Each structure stands twice: as C-alpha cells, then as structure tokens.
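# Geometric and topological summary
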Amino acid sequence: MEQEAKYPTEKLKCWQKAKDIRMKFYQDYVEAHDKGGLRWAGGAWTFDAIPAGLGDDVYPITSEPYSATIAFDKKLSLECMEATEVKGYPRDLCSYMRNYWGSIITDKFAFGYKDGEFVPRFQGAKPIGFPKPDFIWQDHICCSHAKWYQVVSDLEGGIPMYTVDNAVGPSHELTDSKIKYVVEQLKDGIKFLEKTTKRDYDDELLYKAIRNHFVSTSKWAEACALNKAIPAPLDEKSIYSLYVLGTLQKAGKQVADFYEKDLLPEVQDRVKRGIAAVPNESFRVMSDTQPPWSFLSIFRYLEKFGCVSIGSLYTFGLIGQWEVKKDGTWGAKTIPNMEFSSRDQALYEYVKYELHKPEWQHFYSCHFKSDLMIRIAKEWKLSGVMLHYNRGCEGLTVGIAENRLALLDAGFPVMAFEGNNADEREFDEARTKAKINAFMETLGAK
Amino acid sequence: MITMGIDLGAKFIKVVILKDNKIIAKSNVLAGFEVDKSAQKAVDNALKDAGITKDNLDKVISTGAGEKLAPFYDETKSVVGCDSLGAVYLHPAARSVIDVGAEEGRGMRCDETGKILDFEVNEKCAAGAGAFTEAMSRALEVKLEDLGDLSLKATEDIPMNAQCTVFAESEVVTMVHNNVSKANMAKAVHDAMASRITSMVRKIGFNKDVVLVGGVANNIGFVGSLNKDLGLKVVVPKEPEFVGALGAALAAAGWIGGK
Ligand code: SF4
C-alpha cells in the first residue's frame, strides 16, 4: 500500500515567512493600542481595503481564520464551545462563530507571550484576554455574517458596527446598479469610520490597499492554477497554511508581496523542476469547504495511498479571483490596469472586481458551484473528489449534496464524509479513515 | 489455495476459511471488551473446524472496524469492498449491496466483478444499525431475536419520528403509555430503521438485485420493512453475517466475479 517515490520533493522555502506574517498579524492586532493605533474586527470576506484608509496603524482581526486557530487548539476550542452553549446558543450554529464568541465569553485569546515571544496559547503562552476591537467592519452574504458581529458587539458592551450587504446576485448577472448599491454602502461606511474613529480618511491609502487586494487575490489564483501540473507542486495541507494569509488581510501589502514575490516564483520554479508536494503522487483528488481543522492529518493519510489533494474550490476561490482565459481554461483574474483618480472610481472598480468571487456564487445557486467544481475536476485532472459534509458551516455547505450528484454525473467518483470545521465533537477520525480506505480502493489505490 | 478472511465487526468477529474458493470452515465469536483475545479465539475455532493450522494458510485478509486487531493478517481491505465481493460470489447478479451491522449501515453499488462503484455509510448514528434494534428491544422488554417475529404480528403502521436512538427510546416509552401494542411498536422500530437505510441507499442509487448482508439481515421484521421501503424484495443470503469475512477470504484468493 505504501507507494514508492516517483518524483523529487522538497519543503517550501517560503513556509517560514508565511508563518511569520501570520503571527505578526495577530501580534499587531494585540499591540495596536500600545502604538497608538486602532483595532478592528470583521470577517475574512469583508472589504478590508476600506479601513486601510484610516492610516497605516489600523490593524484587523478576521473572524474565520481566528476561529480556525482556536479549532486547532482542541482544549481551548472545547472551552469556547461549552461557554457559548452555557450562554444558550445552540450547537447547530456556525462553529467558527461559536468559537469566536466563546473566546470573548471566556476572555481567552488564542495567542499570548512566552518569554517575551508572541506564540499561540497551546505552545505555552501566558494567557491574555480577548483584545477588544475599536470598531466592527463586516460584510453580509452568509446569513451568519451580520448576526455574528451583532452578538460580538453586544458581548463587548456595544462596539460600533457597520455591515455591508454584498449579496447582490451571481457575477454573470452583475449590473451597474448592483455595483453602485454596494459602492454607496462603502461610501456611507467611510463616513461611519471617520465619525467612529475621529480620523480623517486618506484616499491614497485606500487606492494602495485596493491595488494590494487585486494583487493578493489574483496572484493567489495564479499559484493555485499551477497546481494543474503533474506532479502537483502543492498539496492541500500546505495550501491551507498559505491561503490563510489572504483571509487575514488580502488588502495588506505584506500579503500581496508574499503571494507575488515569494510564493508564486517558488511554485513556478517547482513546476519547472518537477518538484512534487507528494513524491508518490498517483491519484489526485480535491476536497470542499473548510476541513475539520483539528484533523488535518487526514490529508497526510491520503499520501500513503499515493494520493494528493490538490486543493478545492474553497481554497482556490475563497480569496482567489479567477476568469476564463482565451483558451477556455480557468486562470487568475487579470489585474485591472488603471490609475485611480477618485474615491468613487476606485470603489467602483474594487466592488466590480470583488463581486466575481467564486465562493460567493453558490449562495445564489448550487449549480454555479457544481459547474466550477466540475471545471476544476477536469482541468486539474482529478481521479475523484472528497466532499466534507460540514455541519459547522451552513454557508459553504449549502447545496453540497447537489454538487455531489453533479460531480457523479460528470463521471467523477465522490466520497462524502461528515464532520465539522471547528467543532471536533462532530468528527469521527477512525470512521473517516475507514471511508478513505474504501474510497482509495474504488480509485484503484489499494 | 487456502485463504482466510477475518471480519472484526463492532459486536462479532467472523472468520471464513476457503479452499480453492469453497468454504471449508467458519466461526463467529462475540467481540466483547478484549477484542484481540476474541479475535484469536475466532481464528482458532475456524482453523480447528477446517482441521488445519495457521501455516496452511496461503493468505489472510482482515477487514472491519477492528481490522488491525486480528492476530495475524497479510493485508486489510475495506468492509464495503469485502461485502460486495462476497455478495457477488453468492449472488452473481448483485449490483447493489446493503450491509446492516451492529454499529453501521452501509450501502454500495458494484460491478459484476464485485468492484465498488459508489458507497455510502450511515455515519455517527446508531438509528440505521443493529444497535438501534438492540436499544429498542431493551426498551420494549423483548428479546432481540424475537423482535422480528413480533413485528410481523403488527396490525397498524405507527410512525416513529425520532431519528436518534436516545429520542426513539423516549418515543417508545410514550407509546407504552399510550397502550400501543408491542407488535406495533416493534414494527415502528423496523420501519424507522428501514427508512434511515433506504434514504442512505437512495443517495447512491440501486437496481433490482439488492443483496442484504450483515447480522441485521437475520431480522425478518426489518427485512419486511426494508422491502416495503425499497419497493422490491432484497436477496438475503444464508448466514448473511459471514458475507464480509467471505469477501475478505475471496479477496485473499484473488477471486473476482464475472469470470
Ligand atoms: S460561511 Fe460558514 S463559516 Fe462563514 S459565517 Fe457562514 S456559516 Fe460561518
């Protein structure tokens, strides 16, 4: 069963840098007030280029990756879940949201200091409380989004909050008025930010942040597109550690630079030299939705069958922006080549670009997602698909059973496993591995 | 060629020994808490029954939830893979197989060789497995082996809404208070379980040749409810609890169907 190496492999050189950027992100948030700066909280999909116009000392914390960090810390996660349940919130709500609320209710932050170094709590950091944000800047497309922060605001004693309704329909039905509907909300939001923070808004900083956003989202997609190569230069477990930067601060210069100048050239080089993420690659699958974060080992488990998970619509399209290229294949979205001359114009281009996000399309119909998944299955040359029936995220799991049928109809074997992205009580590792064994057998890997 | 298949299920350990693809011995031992010791006993019993020793075995394949706890084996194979091979061996027309064991319900589609094309497992829920009938027979104070026959005497269809063993148990208690007959309750239990299994099987699709394997296939009441739900008559092989172990032994012999 243990397959022999077919391809050379090597560790990613930019790995440590990715980890450092992530840690600095959380540290900056914690220490923002010490430097006279501001802290804000919002979702990974929020229009984060907007608060950037308040100054270079304004630091965010994004909810989903922070909650995934808690999920990785099984002890803390259980405390958070239970604290949320004690408050009366039911177990079938978004599990990221429950982890996040639990972190506030218990006043336990997932990071802290150990011998002066900023480290995760599970690495022995001295506990610190949840640093309260100065304002909330959120978007709303999943029905949990605005509610999530309404509760956060209440739990924290009333934090000023602004939410943008970006659920305006699928990208192929985008119209000028739909774009303007979101733009007008962003313009009002800027007024809210000025009033709340008592700072003047700097449009030049906004323009820079939007440009960073274009680069981050396009370059990430470009790196993912390179995974069409056989052998795949990246495996999904590594992809999780890399895509996360885009979920932290896609409009941040450090993230745009990392994707453009570190990750992309390295992945291009790996493809050129035939460097594999999984040296015994014989089978290729993709997954879907967030993984059960405390059981990422299932992706390593695949390797003993010579199977690489090349990513997913989730990891490719949660942050990445894509377009259909001239030859009909899916590739990175072209970065708009223009100067910004006014706030209105910059916001218009920003919104027009962002409303094409692949992971927003299935909110309107599961069939849009099925089409994208089948496209990936074909272009990334997959042998099968592993679908996570994720009880912890209604937003991304909605329609997944339809996706399964569509993939089967398109000729791709599918294995579905049940679990939860952030509530490990709903994941059965032994059973899932037994299912993987059977699925690998059906693919001929055993 | 002599091969052995060991199926370490959640409740019982089944062993089948084949000589040139013909069954020469089998054994069935309660797994209990010391599964490794029970597995040893099951293997020893089968070897004794066959009149051979371990050294006479050419290949051994282990399967089931406790596959790694077998006293010895050359390879492991998934339960669904073994089930389908065993089912096709016993009933060559089989293209759909349902396995209802103590802890899990499984549905699979296979080709004429016994190779799995698609499968589904009833995860993390006893309501579609033997544990459900066990819990319900306790609640009804009826012996598990009598539950099937009892349900055939039912006079009414009583819907059981709960999809969870714990809630179903309290629903049974409510029925007892409402003076529902034990026969009607037994049928309600089987109907609920069959509907759980049917919805799982419908997910992967099935054709007319459906083979039902696993220990629960011995429950005549459940089989009746399943037939009604699926709208066909499932094929239940003799000693359906051995089909997984048989499939493992067949896989060890390199047997494939359709040849
Ligand atoms: S998309 Fe999923 S993770 Fe995000 S808020 Fe909605 S339910 Fe929670």
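Residues numbered from 1 in each chain as written. Chains lettered and ligands numbered in written order. Predicted model: local features only at pLDDT ≥ 70, side-chain atom pairs only at ≥ 80, totals over all residues. Heavy atoms only, no water.

### So, the overall build of chain B
Basically, it comes down to this: A run of DSSP states H or I qualifies as a helix once it reaches four residues; a run of E qualifies as a strand once it reaches two. Both are numbered from the N-terminal end. Computation of the radius of gyration draws on C-alpha atoms alone. For the globule rule, the value is 2.2 Å times the number of residues to the power 0.38. Summary of the burial criterion: residues with accessible area below 20% of their type's maximum are buried, those above 50% are exposed, and those between are partly exposed, where the area comes from a 1.4 Å probe applied to protein chains only. Note on definitions: a residue-residue contact is assigned when non-hydrogen atoms from the two residues lie within 4.5 Å. Charged residues are defined here as Lys and Arg on the positive side and Asp and Glu on the negative side; His and the ends of the chain fall outside this count. Throughout, a charge is located at the NZ atom of Lys, the CZ atom of Arg, the CG atom of Asp or the CD atom of Glu.
Counting its secondary structure elements, chain B contains eight helices and nine strands. For a compact globule of 259 residues, the expected C-alpha radius of gyration is about 18 Å, and chain B comes in at 18 Å, within 12% of that figure. By principal-axis analysis of the C-alpha atoms, chain B measures approximately 60 × 40 × 30 Å. Split into buried and exposed, the 259 residues of chain B put 57% on the buried side. Across chain B, contacts joining residues at least 24 apart in sequence account for 64% of those joining residues at least 6 apart. Distance from the positive charge centre (30 side chains) to the negative charge centre (34 side chains) of chain B: 3 Å.

### What about the site of the ligand?
For clarity, the cut-off: Nearness is defined per residue: one heavy atom within 4 Å of the molecule or strand is enough. Three residue categories are used. Nonpolar comprises Ala, Val, Leu, Ile, Met, Phe, Trp, Tyr, Cys and Pro, charged comprises Asp, Glu, Lys and Arg, and polar comprises the others, including Gly.
Around the ligand sit C94, Y96, C142, S144, H145, W148, Q290, C393, E394 and G395 of chain A, and those are all the residues in its vicinity. For the shell around the ligand, the residue count by class is five nonpolar, four polar and one charged.

### Here we look at the packing of aromatic side chains
All names here are of chain A. Rules: Each Phe, Tyr or Trp ring (for Trp, its six-membered ring) is paired with any other whose centre lies within 6.5 Å, and the angle between the two planes then decides the class: stacked below 30 degrees, edge-to-face above 60, tilted in between. The criterion is that NZ of a Lys, or CZ of an Arg, lies within 6 Å of the ring centre and within 35 degrees of the ring normal, and then a charge sits over that ring.
For the coordinates displayed, the defined rule picks out 41 aromatic pairs over all chains. Between Y113 and F118, the ring centres sit 5.3 Å apart and the planes meet at 70 degrees, which makes this aromatic pair edge-to-face. One aromatic cluster is present, formed by F25, Y26, Y29, Y66, Y100, F109, F111, Y113, F118, F130, W148 and Y149 through successive ring pairs. Over the aromatic face of Y59 sits the side chain of K35, whose NZ or CZ is 5.6 Å from the ring centroid. Geometry around W360 places K357 over its ring, the cationic atom sitting 5.1 Å from the centre.

### A short note on the pattern of salt bridges
Residue and element names in this part refer to chain A. Rule in force here: Note on definitions: salt bridges are taken to be side-chain nitrogens of Lys or Arg within 4 Å of carboxyl oxygens of Asp or Glu.
In total, this model carries 51 salt bridges over all chains according to the counting rule given. D344 serves as the salt-bridge partner of K187, at 2.9 Å between the closest nitrogen and oxygen. You can see K187 sitting in helix α7 (residues 176–197) and its partner D344 sitting in helix α13 (residues 343–354), a full 157 residues away along the chain. Overall, the relative accessible area of 18% leaves K187 in the buried class. Residue classification places D344 among the partly exposed positions, given a relative accessible area of 41%. Ionic pairing is found between E349 and K352, a salt bridge with its closest N-O pair at 3.7 Å. Taken together, the residues E349 and K352, both in helix α13 and three residues apart, mark about one turn of the helix. Using a relative accessible area of 13% as the deciding quantity, one classes E349 as buried.

### A word on the state of the cysteines
Keep this limit in mind: Two cysteine sulfurs form what is called a disulfide whenever their separation falls within 2.5 Å.
Under the counting rule described, the total for this entry stands at zero disulfides over all chains. Note on C110 of chain B: no disulfide assigned, nearest cysteine sulfur contributed by C82 of chain B at a separation of 13 Å.

### Looking at the interface of chain A and chain B
The condition that has to hold: Note: buried area is the sum, over both parts, of the accessible area (probe 1.4 Å) each one loses when the two are combined. Any N or O atom pair separated by 3.5 Å or less is treated as a polar contact, with the protein-specific requirement of one donor-capable and one acceptor-capable atom, and with residues adjacent in sequence counted only for side-chain atom pairs.
Contacts between the two partners involve 24 residues from chain A and, on the opposite side, 18 residues from chain B. Regarding the contact of chain A and chain B, the summed buried area is about 1,600 Å², with carbon and sulfur atoms giving 42% of it. Connecting chain A to chain B are four salt bridges. A salt bridge links E120 of chain B to K435 of chain A; its shortest N-O distance comes to 3.4 Å. The tally of links from chain A across to chain B stands at seven residue pairs in polar contact (both at pLDDT 80 or more). Those elements that provide at least two residues to the side of chain A that touches chain B are α17 (400–409), β12 (414–419) and α18 (429–443) of chain A. Take the side of chain A that touches chain B: its biggest share by element is eight residues, from α18 of chain A. Partitioning the side of chain A that touches chain B into residue classes produces 11 nonpolar, four polar and nine charged.

### Remarks on the packing of helix α3 (residues 63–72) of chain A against helix α6 (residues 145–155) of chain A
Residues and elements named next belong to chain A. As a reminder of what qualifies: The angle between two axes is taken between their N-to-C directions and runs from 0 to 180 degrees, where each axis is a line fitted to C-alpha atoms and a helix contributes only its stretch in contact. Roughly parallel covers angles under 35 degrees, roughly antiparallel covers those over 145, roughly perpendicular covers 65 to 115, and oblique covers all other angles.
In the contact formed by α3 and α6, the axes pass within 12 Å of each other and the chain directions differ by 70 degrees. In terms of orientation, α3 and α6 fall into the roughly perpendicular class. Contacts between α3 and α6 involve S63, E64 and S67 on the former and, on the latter, H145, W148 and Y149. Residue composition of the contact of α3 with α6, grouped by class: two nonpolar, three polar and one charged.

### Details of the side chain of D7 of chain B
Residues and elements named next belong to chain B. Note that D7 resides in strand β1 (residues 2–8). The buried category is assigned to D7, whose relative accessible area is 8%. Discounting chain neighbours no more than four positions away, the residues touching D7 are F12, I13, K14, T63, G64, G244 and A245.

### Some details on the pairing of strand β8 (residues 116–121) of chain B
Residue and element names in this part refer to chain B. Under the convention used in this document: Strands qualify as paired when DSSP identifies two bridges or more between them.
Counting buried residues along β8, five of its six residues qualify, which places the element largely inside the surrounding structure. Looking at chain direction, strand β7 (residues 105–110) and β8 are connected through five bridges and run antiparallel. Residue pairing for β8: R106 is matched across the bridge by V121.

### A closer look at the nonpolar core
Which entries qualify depends on this criterion: Side-chain atoms within 4.5 Å are what join buried Ala, Val, Leu, Ile, Met, Phe, Trp, Tyr and Cys residues into a set we call a nonpolar core.
Counting residues in hydrophobic clusters, the biggest one holds 172 residues, and the most contacted among them are F47, I50, Y66, Y100, W137 and L186 of chain A. Ranked by residue count, the leading element in this core is helix α8 (residues 203–225) of chain A, at 10 residues. Once residues lying within four places of it in the same chain are set aside, the contact partners of Y66 of chain A are Y26, I61, Y100, S103, K108, F109, A110, F111 and F130 of chain A. Grouped together as the second largest cluster of nonpolar side chains are 36 residues, M136, A186, F222 and V234 of chain B included.

### Observations regarding the domain arrangement of chain B
Residues and elements named next belong to chain B. Threshold: Domain delimitation follows an automatic or database domain assignment.
According to the domain assignment, chain B consists of domain 1 (1–91 + 241–259) and domain 2 (92–236). Here the C-alpha centroids of domain 1 and domain 2 sit 25 Å apart. Counting residues at the interface gives 18 residues for domain 1 and 24 residues for domain 2. For the domain 1 and domain 2 pair, buried surface summed over both sides reaches about 1,600 Å², with 68% attributable to carbon and sulfur atoms. By the criterion of area lost to domain 2, the three top residues of domain 1 are V80, V88 and H91, representing 37% of everything that side buries. Our enumeration of links across domain 1 and domain 2 arrives at one salt bridge. Notably, a salt bridge pairs K11 with E134, separated by 2.9 Å at the nearest N-O pair. Applying the counting criterion to the domain 1 and domain 2 interface returns eight residue pairs in polar contact (both at pLDDT 80 or more). A per-element tally of the side of domain 1 that touches domain 2 places helix α2 (residues 79–90) first, with 10 residues.

### Here's the deal with the sheet that holds strand β1 (residues 38–42) of chain A
Residue and element names in this part refer to chain A. Pairing within the open sheet is parallel, and its four strands lie in the order β2-β1-β5-β6. One side of each edge strand has no neighbouring strand; the edge strands of this open sheet are β2 (58–62) and β6 (161–165). For this sheet the average axis-to-axis angle between neighbouring strands, irrespective of direction, equals 25 degrees. Pairing of β1 with β2, which is carried by five bridges, proceeds in the parallel orientation.

### Examining the packing of helix α1 (residues 15–31) of chain A against helix α10 (residues 253–273) of chain A
Residue and element names in this part refer to chain A. Between α1 and α10, whose axes approach to 11 Å, the crossing angle comes to 175 degrees. In terms of orientation, α1 lies roughly antiparallel with respect to α10. Here K17, A18 and I21 of α1 lie close against α10, whose contacting residues are Q254, F258 and D262.

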